[in-house]
Amino acid sequence: MQPVLEVFAADDFALWPVGEHESYGYLALDGDLTPAEVGTAVMQIAACNDFEPEEEHGLCPTDPLGTFLHGLLTMPDLFAAGGFRVTDSATDTVFIQPGCCCGLESWRDWLEVLEGTGSSYFGHDPSSAAERVGDSVRLTLDAYANGNSPGVELPVEQVRALVTGAQQDLRDFLSLAGTWAEQHLPAHAAEVTAALARALDLEPTQ
């Protein structure tokens, strides 16, 4: 189980160094990313929230960097396209793939599944789902594929351990991003790090 962020190509982005990625792919977030990959992730999360906030959030700055970061730094509800992807590493079979409209800020839906409150869906195309079934969790890549979708049932405690690991990957990424922001966005480092924490529904780093 990995936290993944949907990415798109950004050949003309010049506000800070970013990596090369094809559009509509996924970048796994953890504490081992290169500086360029962290830059890509921060760019993507900022781009997800790059729209004009309401008037009460203040006037948008006129400089390119301030303009690009304005939504990320001022919007109360942030979005980070992606989610937790689940893959059988032995066969490369994907059982959960975040789809359109799924966001990393909703990762705690997994905790609701583990507590037995029902099922959660993770976007569409595919419509991946996780459902508590007794002492197991059923994972299905596409819940609307009429039984023709990859799926698996895992013990609840195994899924809990996977979620804990993915949550730690997010924390490690946030810590790495904080260090990156101090180096690449020193005038906005604290604000950017706090905004990333909100976008990932994590406690701010110390």
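Above this note sits the structure.
Cut-offs and rules
Within any chain, residue numbers begin from 1 and follow the written order of that chain's sequence. Local features in this predicted model are restricted to residues whose pLDDT is 70 or higher, and side-chain atom pairs enter the listing and the counts only when it is 80 or higher, whereas totals over whole chains, interfaces and linings include all residues. Side-chain descriptors were evaluated using all non-hydrogen atoms of the structure, hydrogens and water having been removed beforehand. Per the convention used, a helix needs a DSSP run of H or I reaching at least four residues, while a strand needs a run of E reaching at least two, with both numbered from the N terminus. Atoms counted for the radius of gyration: C-alpha only. Globule rule: 2.2 Å times residue count to the power 0.38. Summary of the burial criterion: residues with accessible area below 20% of their type's maximum are buried, those above 50% are exposed, and those between are partly exposed, where the area comes from a 1.4 Å probe applied to protein chains only. Using the Shrake-Rupley algorithm and a 1.4 Å probe, accessible areas are obtained, with residue cover drawn only from the displayed protein chains. We call a set of buried residues a nonpolar core when its members are Ala, Val, Leu, Ile, Met, Phe, Trp, Tyr or Cys and they connect through side-chain atoms within 4.5 Å of each other. A contact between two residues is defined here by any heavy atoms of the two lying within 4.5 Å. In this analysis, axes come from line fits to C-alpha atoms, helices being fitted only over the stretch in contact, and the angle between any two N-to-C directions falls in the range 0 to 180 degrees. Each angle is binned into one of four classes, with values under 35 degrees roughly parallel, values over 145 roughly antiparallel, values of 65 to 115 roughly perpendicular, and all other values oblique. Polar here means any residue other than Ala, Val, Leu, Ile, Met, Phe, Trp, Tyr, Cys and Pro, which are nonpolar, and Asp, Glu, Lys and Arg, which are charged; Gly is therefore polar. The working definition used for a salt bridge is a side-chain nitrogen of Lys or Arg within 4 Å of a carboxyl oxygen of Asp or Glu. Note on aromatic contacts: the rings of Phe and Tyr and the six-membered ring of Trp form a pair at centre separations within 6.5 Å, being stacked when their planes are under 30 degrees apart, edge-to-face when over 60 apart, and tilted otherwise.

A. Just the overall build of the protein chain, in detail. On a plain count of helices and strands, the protein chain comes out with five helices and eight strands. Seen in sequence order, the protein chain has helices and strands lined up from the N terminus as β-β-α-α-β-β-α-β-β-β-β-α-α. At 18 Å, the protein chain has a C-alpha radius of gyration in line with the 17 Å of a compact globule built from 206 residues. Across the 206 residues that make up the protein chain, the buried fraction comes to 41%. When the accessible surface of the protein chain is totalled, it reaches about 10,400 Å², and 49% of it is carbon and sulfur.

B. Quick look at the nonpolar core. The biggest cluster of nonpolar side chains holds 55 residues, and the ones touching the most others in it are Trp16, Leu29, Phe84, Trp110 and Leu139. With ten residues, the single largest contributor to this core is helix α4 (residues 156-184). Not counting chain neighbours up to four residues away, the residues in contact with Leu29 comprise Pro3, Leu5, Ala41, Leu104, Asp169, Leu170 and Phe173.

C. Inspection of the environment of Thr34 at higher detail. Residue position: Thr34 is located in the loop between β2 (25-28) and α1 (35-48). Spatially, the C-alpha atom of Thr34 lies 9.8 Å from that of Trp180, the residues being 146 residues apart in sequence.

D. Structural context of helix α5 (residues 189-199). Within the span of α5, buried status applies to Ala189, Val192, Thr193, Ala195, Leu196, Ala197 and Ala199. Those residues of α5 that are buried are in contact with α1, α2 (64-74) and α4.

E. Expanded view of the side chain of Thr40. Its place among the elements puts Thr40 in helix α1. With relative accessibility at 1%, the residue Thr40 sits in the buried group.

F. The arrangement of the environment of His21 in detail. Turning to its location among the elements, His21 is positioned in the loop between β1 (2-7) and β2. The exposure class assigned to His21 is partly exposed, which follows from its relative accessible area of 24%. Separated by 52 residues in sequence, His21 and Leu73 place their C-alpha atoms 25 Å apart.

G. Quick peek at the packing of α1 against α2. At a closest axis distance of 8 Å, the pairing of α1 and α2 adopts a crossing angle of 75°. The orientation of α1 with respect to α2, classified from their angle, is roughly perpendicular. Note on element contacts: α2 touches α1 through Phe68, Leu69 and Leu72, opposite Met43, Ile45, Ala46 and Ala47. In terms of residue class, the contact of α1 with α2 is built from seven nonpolar, no polar and no charged.

H. Inspection of the pattern of salt bridges at higher detail. Following the criterion strictly, the structure yields five salt bridges and no others. We note a salt bridge from Glu131 to Arg138, for which the minimum N-O separation is 3.6 Å. Using a relative accessible area of 33% as the deciding quantity, one classes Arg138 as partly exposed. Each of the salt bridges in this network shares a partner with another, and the network as a whole consists of Glu115, Glu157 and Arg160.

I. Representation of the packing of aromatic side chains in the model. Under the counting rule described, the total for this entry stands at seven aromatic pairs. An angle of 75° between the planes, with centres 5.0 Å apart, marks the rings of Phe13 and Trp16 as edge-to-face. Summarising the burial analysis for this pair, Phe13 and Trp16 share the class buried. Look at Trp16 and Trp180: their rings are 5.6 Å apart centre to centre, the planes differ by 80°, and that puts the pair in the edge-to-face class. One end of the pair, Trp16, is in the loop between β1 and β2; the other, Trp180, is in helix α4, and 164 residues separate them in sequence. By the burial criterion, Trp16 is buried, and Trp180 matches it. Within the aromatic cluster, the residues linked to one another by ring pairs are Phe13, Trp16, Phe68 and Trp180.

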